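# Chain and residue survey
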Amino acid sequence: MSKGSVPFGRLTIFMTRQPERDARDILSREIGFIRKPHGGRLRIALAFPNTYYVGMSNLGFQTVYRLFNEQEDVVCERVFLPGRQELQAQLASGRPLRTIESNTPVRNFDVFAFSVSFEWDYTNVVSMLRLAGMAPRADARTRHDPLVVIGGAVTFVNPEPLAAFAEVIAAGEAEALAPALAAAMRDADGRDDLLRRLAAERGFYVPSFYDVHYRPDGTIAAYEPKPGTGAPTVVQKAAIKSVERLDPPATTIFTPDTEFGSRFLIEVVRGCANLCRFCWAGYNYLPVRAFPADRILELARLARPHANRAGLVSIALCDHPEIERILRGLIDMGYSISPASLRLDDLTEPIVRMLHESGERSITIAPETGSDRLRRVINKTVTNAEILERAELIFASGLENLKLYYMIGLPTETDDDIDAIRELTAALRGILLAHSRPRGHLGRIVASVNPLIPKPGTTYQWLPMEDPVLTERKAKRLRSLVADLDNVYFNIKSERHSYYQALLSLGDRRVAPAIEAAERNGGQWRAAVAETGVDADFYIFRDRSHDAVLPWDIIDGGMKASFFRSEFDKAIRAEWTLPPKRQQENARFLPVIS
């Protein structure tokens, strides 16, 4: 086995074609890639269904690459979607899709595994299957084709829109799934036996092993395992109970050819106990598990020659009991520290001070709305008073810029709530100016506003998406309200963009024809839906509260429907469900949640 520090020119390959030259150029700028001989090993082509620039910025993708290659009898190589112009030329020419490490055609591998993080990449899965010389639909492939396995963040949420394209969908955490997949392939006697073995394993969903029965109104009546397959009635998500003995997901391949070229990314905490009612990640990555601080710092030390910025990945960074020691250790190594979005209720003076000391000038927070009432609806357990108090702390420390995340189209939202976004942002701007003017350098506030897409596996999974006409009216109102705020920039996502994302998030396997059509026509979703006759409104604007079965019910994510229904009732009453550490702090609000 050879690592990325070994000159690529020593490898015995022929540099006669442009893709090979591209691979050589890519690897010459990488540190940390892995090459193994193929002989006698399980061969996995690991695909990120987007470009190299995007894929190599994805921590989950790099983690799966490491997990497979840690197994001595497995060789895992990477493959990405070509750039737009090259993609069209390659599709036209029939030139096969090849891996980066050895320039081997993907179709020669045993497994073609996809790590999918975003709904918009579904069409790219189809493109990459076509580039590999394989039929996009699983039922049109043969045992001579690689086994197509699709995993990633989207399979936690709703695997069904991808069901037609995969032999196997991996639902859960890679640390549990990667070894199980390799073990099943070692022991299996042929493709049919392999699928049966995987179906018996936690976290592996074999779509072809199920008949889906529909009611006359188009809703799902039942998923029925086919006789003789041994498939379970419901597939339980695979998860790791404890991370104490695991390496945290971290950047293992460094390259300048990516968004985070000089940044070492590492996961600090997995999960979040706050349980915001719209947040699929909060529910699906439970329980909260903190990676060992010593190992986080050790990996950071090893990465320091290749990176000068540390990106700390977490839904709830400050839930790590040793976060201050981690920050101090990174600063002492000379890292500039960039955290993910920070929960304001956990933000402390030492944390803010150390972020500034490390060289950070911006911080990201997510008020979600400007209204305390609406924040109780979504179970965001922070108030405007606390937000403004933390803003004083942030700007007094020397941090200059603030990024905000807001949503519109939330349940029970009124025009007063839209007005409140403007009022909160203006108050934050006032604090920014009060601290930045004496320094002679004005910072800025950048706000990102997204329409709510009710996500599977959350309290709002039964809700229809808000009428686009109403959402667009709210967006127009908000644009007008904030137009006079200097040094404040609002990026409001269009309802049309969210409409088709919602289709892919809330759909079932019957939306596959629209995905194929959108892949053929260059992403023209309106035309794709019209061509295939897929009733997008059925999935997006229908109240699902009386559906017997939801498309994503085939995966058991660990949360009970009764809990979600109870949370939905609380949302309508604008009541919090407070995590224990917040109950005492917010005792003054307890009358509203009793």
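Keep in mind that what you see is a predicted model, and the values were worked out from it rather than measured.

### Looking at the overall build of the protein
What the protein contains, in helices and strands, is 22 helices and 21 strands. Computed over C-alpha atoms, the radius of gyration of the protein comes to 24 Å, within 12% of the 25 Å expected from 2.2 N^0.38 for 594 residues, which places it in the range of a compact globule. For the protein, buried positions account for 58% of its 594 residues. Residue pairs in contact within the protein that sit at least 24 positions apart in sequence constitute 74% of those at least 6 positions apart. As displayed, the protein offers around 24000 Å² of accessible surface, 51% of which is attributable to carbon and sulfur atoms. Computing the positive centroid from 75 side-chain charges and the negative centroid from 75, the protein places the two 3 Å apart.

### Overview of the packing of helix H5 (residues 122–131) against helix H18 (residues 512–520)
Packing of H5 against H18 brings their axes to within 9 Å, and their N-to-C directions diverge by 70°. Classified by the interaxial angle, the pair formed by H5 and H18 is roughly perpendicular. Contacts between H5 and H18 involve Tyr 122, Thr 123, Val 126, Ser 127 and Arg 130 on the former and, on the latter, Ile 515, Ala 518 and Glu 519. Partitioned by chemical class, the residues of the contact of H5 with H18 number four nonpolar, two polar and two charged.

### Topic: the pattern of salt bridges
One pass over the full model with this rule turns up 44 salt bridges. Two residues, Arg 277 and Glu 567, come together in a salt bridge whose shortest N-O distance is 2.9 Å. In this pair, Arg 277 is assigned in the loop between strand E13 (269–270) and helix H9 (280–284) and Glu 567 in helix H21 (residues 561–572), connecting sequence segments 290 residues apart. Of the charged contacts, one joins Lys 474 and Glu 413 as a salt bridge, the two residues approaching to 2.6 Å between their closest N and O atoms.

### Concerning the environment of Val 446
Looking at the secondary structure, you find Val 446 in strand E19 (residues 445–451). Measuring from C-alpha to C-alpha, the distance between Val 446 and Asn 487 comes to 8.4 Å, with 41 residues separating the pair along the chain. Sequence-distant contacts of Val 446, that is, excluding residues within four places in its chain, are made with Leu 402, Lys 403, Leu 404 and Tyr 489.

### Side note on the nonpolar core
If you look at the biggest cluster of nonpolar residues, it comprises 107 residues, and the most contacted ones within it are Phe 112, Phe 114 and Ile 150. With seven residues, the top contributor of residues to this core is helix H7 (residues 174–187). Counting residues in each nonpolar core, the second largest holds 62 residues, with Ile 266, Leu 330, Phe 395 and Ala 447 among its members.

### What about the side chain of Asn 124?
Secondary-structure assignment places Asn 124 in helix H5. A distance of 2.9 Å separates a polar atom in the side chain of Asn 124 from the backbone oxygen of Pro 49. Ignoring anything within four residues of it in the chain, the contact list for Asn 124 reads Pro 49, Asn 50 and Leu 81.

### As for the sheet that holds strand E16 (residues 336–339)
One open sheet holds the three strands; their spatial order is E12-E15-E16, and the pairing between them is parallel. Taken across any chain shown, the strands that pair with only one partner, and hence form the sheet edges, are strand E12 (263–267) and E16. Taken over all neighbouring pairs, the strand axes of this sheet differ in orientation by 25° on average, direction set aside. Two strands pair when backbone bridges link them, and strand E15 (residues 309–313) and E16 are joined in this way by four bridges, in the parallel orientation. Bridge pairing in E16 links Ala 310 to Ile 337.

### A closer look at unusual backbone geometry
Cis geometry is found at the peptide bond from Leu 286 to Pro 287, where omega equals 0°. Take Pro 287: it is sitting in the loop between H9 and strand E14 (289–290). We note that Asn 103 has phi near 60°; this positive angle belongs to a residue other than glycine. Along the chain, Asn 103 turns up in the loop between helix H4 (84–93) and strand E5 (111–115).

### Examining the state of the cysteines
Enumeration according to the criterion identifies zero disulfides in this entry. Residue Cys 272 stays outside any disulfide, its sulfur separated by 6.3 Å from that of Cys 276, the closest cysteine. A disulfide-free cysteine, Cys 279 has its sulfur positioned 6.2 Å from the sulfur of Cys 276, the nearest such atom.

### Overview of helix H16 (residues 468–482)
For H16, built from 15 residues, the straight-helix expectation of 21 Å at 1.5 Å per residue is met to within 8% by its first-to-last C-alpha distance of 21 Å. Of the residues making up H16, those classed as buried are Pro 468, Thr 471, Lys 474, Ala 475, Leu 478 and Val 482. Along H16, the residues classed as buried sweep out an arc of 120° about the axis, all on the same side. For H16, the exposed residues lying more than 90 degrees away from the buried face are Val 469, Lys 476 and Ser 480. Looking at the buried residues of H16, the elements they touch are strand E18 (401–408), helix H15 (415–436), E19, strand E20 (488–492) and helix H17 (495–506). Among the residues of H16, the N-terminal cap falls to Asp 467, whose side-chain oxygen and the backbone nitrogen of Val 469 are separated by 2.8 Å.

### Focus: the pairing of strand E17 (residues 362–368)
Of all seven residues in E17, six are buried, a share of seventy percent or more. Both E17 and E18 contribute to a ladder of five bridges, which runs parallel. Considered in E18, the bridge of Thr 364 is made with Lys 403.

### Describing the sheet that holds strand E7 (residues 168–170)
Here six strands make up an open sheet; going across it, the order is E4-E3-E5-E6-E7-E8 and the pairing mixed. Among the strands making up the open sheet, the edge pair consists of strand E4 (74–80) and strand E8 (204–205). Pairing geometry for E5 and strand E6 (residues 147–151), over five bridges, is parallel. If you follow Phe 112 over to E6, its bridge partner there is Val 148.

### Notes on the environment of Ser 545
By the secondary structure assignment, Ser 545 is in the loop between helix H20 (536–540) and strand E21 (555–556). In the structure, Ser 545 is positioned 447 residues away from Arg 98 in sequence and 46 Å away in space, judged by C-alpha atoms. Excluding its chain neighbours within four sequence positions, the residues that come into contact with Ser 545 are Trp 462 and Arg 565.

### Digging into the side chain of Arg 429
Within the element layout of this structure, Arg 429 appears in helix H15. We note that Arg 429 is buried and unpaired, the nearest opposite charge coming from Asp 486 at a distance of 4.4 Å. If we ignore the near neighbours within four places in the chain, the residues touching Arg 429 are Ile 445, Leu 485, Asp 486 and Val 488.

### Brief notes about the packing of aromatic side chains
As enumerated under the stated definition, the model contains 18 aromatic pairs in all. The structure contains a cluster of three or more aromatic residues connected by ring pairs, namely Trp 120, Tyr 499, Tyr 500, Trp 525 and Phe 541. Across the ring face of Trp 462, the terminal group of Arg 565 is positioned such that the distance to the ring centre comes to 4.1 Å.

Criteria and cut-off values
- Residues numbered from 1 in each chain as written.
- Predicted model: local features only at pLDDT ≥ 70, side-chain atom pairs only at ≥ 80, totals over all residues.
- Heavy atoms only, no water.
- Helix = DSSP H or I, 4+ residues; strand = E, 2+ residues; numbered from the N terminus.
- Rg over C-alpha atoms; globule rule 2.2 N^0.38 Å.
- Buried < 20%, exposed > 50% of the residue type's maximum accessible area, 1.4 Å probe, protein only.
- Contact = heavy atoms within 4.5 Å.
- Areas by Shrake-Rupley, 256 points an atom, 1.4 Å probe, with all protein chains shown as cover.
- Lys, Arg positive; Asp, Glu negative; His and termini not counted.
- Charge placed at Lys NZ, Arg CZ, Asp CG, Glu CD.
- Axes fitted to C-alpha atoms, helices over the stretch in contact; angles between N-to-C directions.
- Parallel < 35°, antiparallel > 145°, perpendicular 65-115°, else oblique.
- Nonpolar A, V, L, I, M, F, W, Y, C, P; charged D, E, K, R; others polar.
- Salt bridge = Lys/Arg side-chain N within 4 Å of Asp/Glu carboxyl O.
- Core = buried A, V, L, I, M, F, W, Y, C linked by side-chain atoms within 4.5 Å.
- Polar contact = N/O pair within 3.5 Å; in protein donor to acceptor, adjacent residues only side chain to side chain.
- Pairing = 2+ DSSP bridges.
- Disulfide = S-S within 2.5 Å.
- Expected span 1.5 Å × (residues − 1).
- Arc of directions from axis to C-beta.
- Phe/Tyr/Trp six-rings, centres within 6.5 Å; stacked < 30°, edge-to-face > 60°.
- Lys NZ or Arg CZ within 6 Å of the ring centre and 35° of its normal.

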